[in-house]
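So you can see what is in the structure, the chains are spelled out below.
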Amino acid sequence: MTGMPLAGRRLAAAMTTELAGRLRSHLRRQDGQEDLCFVLWRPSTGAARTTAVVAEAIWPSAGERLISGNVAFTSQYFLRAAARAAVAGAGLGLVHSHPGGRGWQGLSRDDHAAEAGHAAQAAVMTGLPLLGLTYATGDDSYSARLWERALPRHYTPAWCENVRVVGDWIHVSWNSQLRPAPQFRPIQERTVSAWGPAVQANLARLHIGIIGAGSVGAIVAEALARVGVEWLTVMDFDSVQAVNLDRLLHASLRDVRLARAKVETLARALRRSATAARSRIETLELSVAEPAGLAAALDCDVLFSCVDRPWPRAVLNMAAYAHLVPVVDGGILIRGQHGQRLAGAEWRSQLAAPGRACLECLGQYDPAVVAVERAGLLDDPSYLAGLDEDHPVRRNENVFPFSAAAAASETLQLLSAVIAPGGVGDTGAHLYHFATGTLDRRIDGCQPGCPYTESLTGLADMQPFHVTGEHLAVDAVRASRRRDQKRPTTRIARRLDDLLWRLL
């Protein structure tokens, strides 16, 4: 294998629902025989996981495959597809069907020979390992592996932990050897009875990242922990402040006095709220706009955008389309004079993924303001003083009930996409008007010419923009919190509080 180490890394694969639909039409034969197709893929590199993002199918021409019960491909087809991958700077993948199969599929002797026999040549021609995919026609499940070099001319499969298909819905196939189905517990009885053990097993195994542990993110995290999601990663660089306490779940004056990060306060509570038997709560004192923050986000299967600045939203928008990590986003806007009678309020929720409108086209951030934030001006009081009072970056009114409503709406976006009740996984972008009690839905896609849907989808690490960078304001917040935590009185008080927390 050349160019991409696999040792010690988790592996996954991903594709859009649009491509999965076209592959389904090709691989499901009327005569019930196997079929195959070559595909192109690109690596999406997270902190600990590499995902093979399948971006394009190279359909076979007449005579390029031999079908007689089992299926085989000609050397002409292989070389044509490998040459196409090399020109595109992509890896080569081979997908074949198992008629009537259900769930994660292993490799038959013939499957193993076909893939292993071409792994070396594919790696040499493309610089990336061969990706093998098996499509089980019985339930539309995929299994996947990347072929790594073990010895000269000897390649072995490194199995993926899952394959996610995202867009109109979120369908994930699971490798039960690497990500076993959860153990159901009596405390989850009411939850499991709502949608059944199969949905629960899928939902619970998702690695979900919550970007922003503020008023909305904390409630989203609480909901997911109680539903039984096993693996939550919560990311936020900020500290708990007194001004947060009227709307920040689980936070108290004690957290302010002890100089706690928002993620620290939230994680302590989530570890008590979690209903999963194998609960894993990770915290990261980062911004997703930092390189390490984005890398950690790409390890997740789904992301929640609970941020209020344009730069992190732009980063998450890129993750949703280039890396095929669906992003549930939302926001709250309160209208009226500050401190005067409320004129109105709205909250939004939407899921950004291929085939749906992206966050930029939905107006969730202004690209021009992203550049302003990257330059540090949104943290410059003199710059902010020159903006209108109702400029979006100066609006920070919020109350707990609105946060709870927005968090519930965002969580329902995820459930709709995963469960697809009645076969509907995309209910559109939602806008709720508090004053009138009405809900608007937007079900169209991106505007013509949108780069996310027309040129960046599936590019993964090859997307050309540098969306992350040094964030001086984030560094300043973390440095201030560390100074506060190092004070002798604070350090002693934190130790005593931690001990009391564990005893209770």
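Preceding block: the structure.
So, how was this worked out
- Residues numbered from 1 in each chain as written.
- Predicted model: local features only at pLDDT ≥ 70, side-chain atom pairs only at ≥ 80, totals over all residues.
- Heavy atoms only, no water.
- Helix = DSSP H or I, 4+ residues; strand = E, 2+ residues; numbered from the N terminus.
- Expected span 1.5 Å × (residues − 1).
- Buried < 20%, exposed > 50% of the residue type's maximum accessible area, 1.4 Å probe, protein only.
- Arc of directions from axis to C-beta.
- Contact = heavy atoms within 4.5 Å.
- Phe/Tyr/Trp six-rings, centres within 6.5 Å; stacked < 30°, edge-to-face > 60°.
- Lys NZ or Arg CZ within 6 Å of the ring centre and 35° of its normal.
- Core = buried A, V, L, I, M, F, W, Y, C linked by side-chain atoms within 4.5 Å.
- 1 Å grid on protein atoms, 1.4 Å probe; cavity = no way out; pocket = protein on both sides within 12 Å on 5 of 7 lines; lining within 4 Å.
- Points joined across faces, edges and corners; volume = space filled by probe spheres on them.
- Nonpolar A, V, L, I, M, F, W, Y, C, P; charged D, E, K, R; others polar.
- Lys, Arg positive; Asp, Glu negative; His and termini not counted.
- Salt bridge = Lys/Arg side-chain N within 4 Å of Asp/Glu carboxyl O.

Describing helix α15 (residues 488-503)
Item 1. Over its 16 residues, α15 runs 23 Å from end to end, which matches the ideal 22 Å to within 8%, given 1.5 Å per residue.
Item 2. If you check which residues of α15 are buried, you get Thr490, Arg494 and Asp497. The buried residues of α15 occupy an angular sector of 70 degrees when the element is viewed end-on, so they sit on one face. Within α15, the exposed residues directed more than 90 degrees away from the buried face are Pro488, Thr489, Arg495, Leu496, Arg502 and Leu503.
Item 3. Buried residues in α15 make contact with α6 (253-257), α7 (262-273) and α14 (472-486).

A look at the packing of aromatic side chains
Item 1. Under the counting rule described, the total for this entry stands at 11 aromatic pairs.
Item 2. For the pair phenylalanine 38 and tyrosine 77, a centre-to-centre distance of 4.7 Å together with 80 degrees between the ring planes defines the contact as edge-to-face. Placement of the pair is phenylalanine 38 in strand β2 (residues 36-45) and tyrosine 77 in helix α2 (residues 75-88), with a sequence separation of 39 residues. The pair formed by phenylalanine 38 and tyrosine 77 is uniform in burial state, with each residue classed as buried.
Item 3. Centroid distance tyrosine 135 to tyrosine 142: 5.1 Å. Interplanar angle 40 degrees. Geometry classified as tilted.
Item 4. Three or more aromatic residues joined by ring pairs form one cluster here, namely Phe38, Phe73, Tyr77 and Phe78.
Item 5. Residue placement shows arginine 268 over the ring face of tryptophan 501; its charged tip is 4.3 Å from the ring centre.

Some remarks on the nonpolar core
Item 1. Core analysis: the largest hydrophobic core is formed by 50 residues, its most contacted members being Ile170, Ile208, Ile210, Leu224, Phe304 and Leu414.
Item 2. Considering every element that reaches this core, the biggest residue donor is helix α5 (residues 215-227), with 8 residues.
Item 3. With residues up to four places along the chain from it excluded, the contact list for isoleucine 208 reads Leu224, Val229, Trp231, Leu232, Thr233, Cys300, Val302, Phe304 and Leu414.
Item 4. Counting residues in hydrophobic clusters, the runner-up holds 47 residues, among them Leu11, Leu36, Leu128 and Leu131.

A look at the layout of surface pockets
Item 1. Here the second largest pocket is characterised by a volume of approximately 630 Å³.
Item 2. In this structure, the second largest pocket is lined by 29 residues; those nearest its centre are Asp139, Asp140, Ser141, His171 and Val172.
Item 3. Within the residue set of the lining of the second largest pocket, elements represented by two or more residues are α1 (17-27), β8 (141-151), β11 (170-174), α4 (189-205) and α12 (400-419).
Item 4. Classifying every residue of the lining of the second largest pocket by side-chain character gives 16 nonpolar, 9 polar and 4 charged.

Thoughts on the side chain of glutamate 410
Item 1. Counting through the fold element by element, glutamate 410 comes out in helix α12.
Item 2. Buried glutamate 410, no salt bridge; nearest opposite-charge side chain is arginine 313, N-O distance 6.6 Å.
Item 3. Leaving out residues up to four positions away in the same chain, glutamate 410 has contacts with Val216, Val220, Phe304, Ser305, Cys306, Val328, Asp329, Gly330, Gly331 and Ser349.

Topic: the pattern of salt bridges
Item 1. Counted under the stated rule, the structure contains 35 salt bridges.
Item 2. Across the pair glutamate 282 and arginine 280 runs a salt bridge whose closest N-O atoms are separated by 2.9 Å.
Item 3. A relative accessible area of 25% means that glutamate 282 is categorised as partly exposed.
Item 4. Arginine 478 is the partner of aspartate 475 in a salt bridge, and the nearest nitrogen-oxygen pair spans 2.7 Å. Of this pair, aspartate 475 and arginine 478 are both found in helix α14, 3 residues apart, which corresponds to roughly one turn of the helix.

By themselves, these observations are geometric and do not establish any function.
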